[in-house]
Amino acid sequence: MPHLEDEFGDIIGKARTGLRLSLEQLAHSTGISIPTLSAMESYTRKPSREEAEAIAKELNLHPSNLLAIAEERWHPAPWNHNHDPDAEVLRWEMPVGAYSAYCYLLRCQHTGESAVIDTGGQGKRVIAQLRQHRVRPRYILVTHEHGDHTGGIDLVQAETGATILDGQDASVPKAEQIVDGQSYALGRLKITAYSTPGHTAGCISYVAGLTAFVGDTLFAGSAGRANYSYTALLDSIRNKLLTLDENVHLFPGHGPVTTVGQEKEHNPFITA
Ligand SMILES: [Fe+2]
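Everything quoted here is computed from the prediction, not taken from an experiment. (Residues numbered from 1 in each chain as written. Predicted model: local features only at pLDDT ≥ 70, side-chain atom pairs only at ≥ 80, totals over all residues. Heavy atoms only, no water.)

Participant: Looking at this structure, I do not really get the nonpolar core. What am I missing?
Facilitator: Side chains of nonpolar character tend, in soluble globular proteins, to be buried together. Counting 37 residues, the largest nonpolar core has I12, I55, L61, L250 and F269 as the members making the most contacts within it. Those elements that place two or more of their residues in this core are helix 1 (8–18), helix 2 (23–30), helix 3 (34–41), helix 4 (49–59), helix 5 (63–70), strand 10 (211–215) and helix 9 (230–239). Three or more residues apiece are contributed to this core by two domains, here domain 1 (8–70) and domain 2 (87–266). Sequence-distant contacts of I12, that is, excluding residues within four places in its chain, are made with M40, E41, I55, L59, L61 and L66. (Core = buried A, V, L, I, M, F, W, Y, C linked by side-chain atoms within 4.5 Å. Buried < 20%, exposed > 50% of the residue type's maximum accessible area, 1.4 Å probe, protein only. Helix = DSSP H or I, 4+ residues; strand = E, 2+ residues; numbered from the N terminus. Domains from an automatic or database assignment. Contact = heavy atoms within 4.5 Å.)

Written out as structure tokens, the structure reads:
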């Protein structure tokens, strides 16, 4: 079974720092010691059911969803590659140091027109994939401007001549700025930009039919780190992404592919 991007320790660390609580404050309110909490956040100690429930209560996380991830009992169903008869999605893993990020290609099944979503840190690898699949993307869609997602963008743009679309904090050279709700045609697909701030101020998710590219806003069974705003991040997840059709497949920047339906049922950042 492929690993989730985030473990129990990541989830509670993101929620705790998002709420601006110190370990000391969380220890005080849960009755769990600071060293124990610290060991949990650094993956060296698993919580008991009672501990997970106490932490979930203080961090406004869904208790049984959190426990299921702590006990490694939940994982999204394997990605159904035929999830949308109108769209094909290819996923390419791009190593960045010790980690990796996903770059995606979205292609209209009817016309073959395509778009790259994020270019990873290594443009040459993306170009090699594009050549191998004989595609020349019309757009490069930027979910957010972090090096592990945009590092290769100049090379890919120079090679393909694609139009770069980026959100409100657009600083990528040559990018066309897009705003919430704006749509672009890609063959018979209609790609709509959803402003999903939280991880960064300008995070954009791209939705086309039953396909959504969510960058680092949401991970299967977790959320991105709230570098910009935790309140905004939760709002983007709960009130934007998870109001889409349950069958919409969510393609994150890291970790496995999931669906709106599965996240509504299993994500710990969903309130009980
Ligand atoms: Fe990021």
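Participant: Help me out: how do you make sense of the coordination of the iron ion in this one?
Facilitator: Around the iron ion, the protein contributes the donor atoms H144 (NE2), H146 (ND1), H199 (NE2) and D216 (OD), which lie 2.2 to 2.4 Å from the metal centre. The site at the iron ion holds four donor atoms, and with the angles between them running 87 to 175°, its shape is irregular. Along the chain, the residues donating to the iron ion are arranged with the sequence spacing H-x1-H-x52-H-x16-D. Of this pair, H144 sits in the loop between strand 4 (139–141) and helix 7 (147–150) while D216 is found in the loop between strand 10 and strand 11 (218–219), placing the two residues 72 residues apart along the sequence. Across the pair, D216 and H144 agree in class, each one buried. (Donors = N, O, S within 2.8 Å, 3.2 Å for Na, K, Ca; no water. Tetrahedral: all angles 85-135°; square planar, octahedral: opposite > 155°, others 65-115°.)

Participant: I'm lost on the sheet that holds strand 4 in this one. Help?
Facilitator: Sheet strands line up and pair through hydrogen bonds in the backbone, either parallel or antiparallel. Spatial ordering of the open sheet is given by 1-2-3-4-5-6, a layout of six strands whose pairing is mixed. The two strands at the open ends of the sheet, each matched to only one other strand, are strand 1 (87–96) and strand 6 (175–177). Shown here is a sheet whose adjacent strand axes are inclined to one another by a mean of 25°, direction ignored. Pairing of strand 2 (residues 99–108) with strand 3 (residues 114–117) involves four bridges; the strand directions are antiparallel. Along strand 3, the bridge assignment pairs L105 with V116. (Pairing = 2+ DSSP bridges. Axes fitted to C-alpha atoms, helices over the stretch in contact; angles between N-to-C directions.)

Participant: So what exactly am I meant to see when it comes to unusual backbone geometry here?
Facilitator: Peptide bonds are mostly trans, and most non-glycine residues show a negative phi. Within the chain, Y43 stands out as a residue other than glycine whose phi angle is a positive 65°. Taking the relative accessible area as the measure of exposure, Y43 reaches 44% and is therefore partly exposed. Even without being glycine, K174 reaches a positive phi, approximately 70°. Among the secondary structure elements, K174 is positioned in the loop between strand 5 (163–166) and strand 6.

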